[in-house]
Amino acid sequence: MTASPERYSPNIGRLRPSATITVSTLAKKLASEGRDIVNLSTGEPDFRTPEGAAEAGVAAIRGGGTRYTPAAGLPELRSAAAAYLVARTPYPPDGQRVVVSAGAKQSLFNACFCLFGPGDEVLVGSPYWTSYPEMVTLARAEPVPVPGAADRDFLLTPDDLEAASTARTRGLIVSTPSNPTGAVYSEAELAAIASWARERGVTLICDEIYREIHYGEGDRAPGVLDLDPGRVGDLVVANGMSKAFAMTGWRVGFSYTTRELAAKMAALQSHVSLNAATPSQMAALGGLRELAEGGDAAHTLSEMRTAYRRRRDLVVRLFDELLPEYPYVRPAGAFYLYFSVQSAFDDQATCAADICTRLLEEAGVAIVPGEAFGDPRFARMSTAAADADIEEGVRRMAKVLAARGNP
Ligand code: PLP
């Protein structure tokens, strides 16, 4: 039985499935059919959940932590998340500013749905994480991609934002460290765009889910909460357990904003999904406590940082050596390499999607085409994979691409 397109609501009129998830699902399917696939498409830590978090989750399941919680999350978790998010910043560790959701994805959706609507425009730093424009569109607002300059690693400046804004601009969404580029705003760069947003009355949604995966000075990348609150206007910060705690499947994310907006986001969530799974919330609390005490979560995080840095160095070295015709953004955080595939374009392959299909078919390497991030000249490979897979993947890609890059 099929329904005709006109049976669907305009709410989902422009909805497309997540391209990143589509590629990784296809790669997994091909592998399960016996194809030799190197899957570098997934943005998922290949580390185990820290002990304290796993134990707390299991204890919750066994001990009756299996009922509803308040929509905004367990009060102890909201407080612990607030303390984690504002550590060493001037902002208050106020649990009532935090809403716990089923992943940072839901936090970001809640923010978009509560803040934007028909007639509003929302600036989205481009290349962008694939879900931002979809979330804005689901709120029936208009996403406006704002491309940063390639020679600044696509990071935005107030001039970029000024050129893209109109009287209808209500929001700005950026990620730092960025998915897909791995670029990281310095504190001064972040302050400049935050000040611009404040002056224009634009709400800044800052996605800091990769904040702990940083290769620069200090373990954490600069975050918008580090800034002088006087320079920052309306703000939502999204973060969560998925990346820093290797807890993608537990589905726990957080938002930090004003108490008023937090109450609205919790009210929305109360009608949509109510609460993040209770054992997952308990696990998140266990993980945050363990990190604060320097336990296994702290070890996992430092082990991950070391591994991701080593892999970043590896992939950069391999690209310099094997794919010199393919410029990339040198990652300062997160776990991706974003590179231009233009040198491979020919009559049969005129965009990144064509190149990625070719790489999957001819080399058995799965990476995500830049169409998913708003730029069909680029592609993104994940470095959240074993070193050997990264090396094998790049070598295989080089066999297919280098031939085209050096005609
Ligand atoms: N934001 C960015 C930039 C991401 O890359 C991801 C996941 O890939 C998310 C948010 C979603 O995180 P979560 O698993 O907490 O929903």
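What you see is a predicted model; the values in this text were computed from it and never measured.

**Q** For the site of the ligand, give the residues involved together with the corresponding values.
**A** Neighbouring residues of the ligand: G103, A104, K105, W129, Y132, N179, D207, I209, Y210, S242, K243 and R251. Here an oxygen atom of the ligand sits 3.5 Å away from a polar atom, N or O, in the side chain of W129. The protein chains hide 92% of the 400 Å² of surface that the ligand would expose on its own.

**Q** Go over the environment of P180, please, and point to the residues and values.
**A** Within the secondary structure layout, P180 lies in the loop between β5 (169-175) and α7 (187-200). As for P180 and A372, which are separated by 192 residues in sequence, their C-alpha atoms are 9.5 Å apart. Setting aside its immediate chain neighbours within four residues, P180 contacts P127, Y128, W129, Y336, Y338, F373 and R380.

**Q** Which residues make up the domain arrangement of the chain, and what are the values?
**A** If you check the domain split of the chain, you get domain 1 (5-48 + 298-405) and domain 2 (51-293). For domain 1 and domain 2, the distance between their C-alpha centres works out to 24 Å. Contact residues are listed per partner, giving 36 residues for domain 1 and 36 residues for domain 2. Counting the surface lost from both domain 1 and domain 2, the interface buries some 3200 Å², and carbon and sulfur atoms represent 54% of this. Applying the counting rule to domain 1 against domain 2 returns five salt bridges. Its salt-bridge partner being R305, residue E212 comes within 2.8 Å of it at the nearest N-O pair. Along the contact surface separating domain 1 from domain 2 lie 17 residue pairs in polar contact (both at pLDDT 80 or more). Of all the elements in the fold, those that place two or more residues in the side of domain 1 that touches domain 2 are α1 (19-32), α10 (296-322), β9 (336-340) and β12 (378-382). The biggest single contributor to the side of domain 1 that touches domain 2 is α10, with seven residues. Its residues placed into classes, the side of domain 1 that touches domain 2 shows 21 nonpolar, six polar and nine charged.

**Q** Explain the pattern of salt bridges to me, using residue names and the numbers behind them.
**A** Applying the stated rule across the entire model yields 27 salt bridges. R97 is the partner of D94 in a salt bridge, and the nearest nitrogen-oxygen pair spans 4.0 Å. Residue D94 shares its accessibility class with R97, and that shared class is buried. Of the charged contacts, one joins R396 and E392 as a salt bridge, the two residues approaching to 2.7 Å between their closest N and O atoms.

**Q** Outline unusual backbone geometry, supporting the account with residue identities and numerical values.
**A** Of the consecutive residues S126 and P127, the connecting peptide bond is found in the cis state with omega at 5°. Positionally, P127 belongs in the loop between β3 (121-126) and α5 (131-138). For R251, which is not glycine, the phi dihedral falls at a positive 60°. Mapped onto the fold, R251 is located in the loop between β7 (235-240) and β8 (253-256). Residue R251 is classed as partly exposed on the basis of its relative accessible area, which comes to 31%.

Rules and cut-offs
- Residues numbered from 1 in each chain as written.
- Predicted model: local features only at pLDDT ≥ 70, side-chain atom pairs only at ≥ 80, totals over all residues.
- Heavy atoms only, no water.
- Near = heavy atom within 4 Å.
- Polar contact = N/O pair within 3.5 Å; in protein donor to acceptor, adjacent residues only side chain to side chain.
- Areas by Shrake-Rupley, 256 points an atom, 1.4 Å probe, with all protein chains shown as cover.
- Helix = DSSP H or I, 4+ residues; strand = E, 2+ residues; numbered from the N terminus.
- Contact = heavy atoms within 4.5 Å.
- Domains from an automatic or database assignment.
- Buried area = accessible area lost by both parts, 1.4 Å probe.
- Salt bridge = Lys/Arg side-chain N within 4 Å of Asp/Glu carboxyl O.
- Nonpolar A, V, L, I, M, F, W, Y, C, P; charged D, E, K, R; others polar.
- Buried < 20%, exposed > 50% of the residue type's maximum accessible area, 1.4 Å probe, protein only.

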